[in-house]
Amino acid sequence: MLKVLLVDDHKLIRVGLRQIIEANADFEVVGEAESGQDGLEKARDLKPDVVVMDINMPGMNGIEATRRIARLDPRPRILIVSVLSRDPVPSRLLEAGADGYLSKDTAADEILTALKMVKLGKRYLSADLARQMALSQFDGDSPLDQLSDREMEVLLMVTDGQSIQEIAEILHVSPK
């Protein structure tokens, strides 16, 4: 049985993913988390085979949580399921240790296929995302490619609607 941990700040998404995953007898959802920090702690405690991770979450976002979870021993596989499907976000997550990446508009059966593939140690990208990433190699440099990991983290928080004060508190830095 493949053990799965769901990490997403939206309960509706977690409930939907749980129903899709547990409809197959080969899978078991062993836990849920609503933030990157909570996901990291539950990954340590529950030792899932695969962590299904969102990107935009309060506190520690999915990029940093992925980076930290990828260092655990035993290392769970990490499958990103997010609305953010434009490069460089998927590339950054794969560099951070993600094993697969799907957009949230993916069909239910593709999520199950992706879980099986990443558990086997293989990379999995939805076909549309793989095509987009391949084509972006020919489009020239995106200004987002020049951002550091911290700058990308701040950008994701800004696009999530967090204020300068909130971002400063999360990152433990001065708002200035």
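Residues numbered from 1 in each chain as written. Predicted model: local features only at pLDDT ≥ 70, side-chain atom pairs only at ≥ 80, totals over all residues. Heavy atoms only, no water.

A. Structural context of the pattern of salt bridges. As enumerated under the stated definition, the model contains twelve salt bridges in all. Between Lys42 and Asp38 there is a salt bridge, with its nearest N and O atoms 3.7 Å apart. Of the two residues, Lys42 and Asp38 are both situated in helix H2 (residues 36–46); the distance of four residues between them amounts to about one turn of the helix. In this structure, Arg67 engages Glu64 in a salt bridge whose closest nitrogen and oxygen atoms are separated by 2.8 Å. One end of the pair is Arg67 and the other is Glu64, both in helix H3 (residues 62–69) and three residues apart, which spans about a single turn. Glu64 matches Arg67 in its accessibility class, with the two residues each being buried. Through salt bridges with shared partners, a single ionic network connects Arg14, Arg18, Glu22, Glu32 and Glu34. (Salt bridge = Lys/Arg side-chain N within 4 Å of Asp/Glu carboxyl O. Helix = DSSP H or I, 4+ residues; strand = E, 2+ residues; numbered from the N terminus. Buried < 20%, exposed > 50% of the residue type's maximum accessible area, 1.4 Å probe, protein only.)

B. A look at helix H1 (residues 11–22). Taking 1.5 Å of rise per residue, the twelve residues of H1 would be expected to cover 16 Å, and the 16 Å separating its terminal C-alpha atoms lies within 8% of that figure. Among all positions of H1, only Arg14, Leu17 and Ile21 are buried. Taken around the axis of H1, the buried residues stretch over an arc of 70 degrees, which confines them to a single face. Away from the buried face of H1 by more than 90 degrees, exposed residues Lys11, Leu12 and Gln19 are located. In this fold, the buried residues of H1 make contact with strand E1 (2–7), strand E2 (27–33), strand E3 (50–53) and helix H5 (108–119). (Expected span 1.5 Å × (residues − 1). Arc of directions from axis to C-beta. Contact = heavy atoms within 4.5 Å.)

C. Structural view of the sheet that holds E1. Taking strand neighbours across the sheet as the criterion, the six strands line up as E2-E1-E3-E4-E5-E6 in an open arrangement whose pairing is parallel. The strands lining the two open edges of the sheet, one partner per strand, are E2 and strand E6 (124–125). Contacting E1, E2 and E3, H1 runs over the sheet at an angle of about 165 degrees to E2. Those strands touched by H3 are E3 and strand E4 (77–82), and its axis lies near 170 degrees from that of E3. (Pairing = 2+ DSSP bridges. Axes fitted to C-alpha atoms, helices over the stretch in contact; angles between N-to-C directions.)

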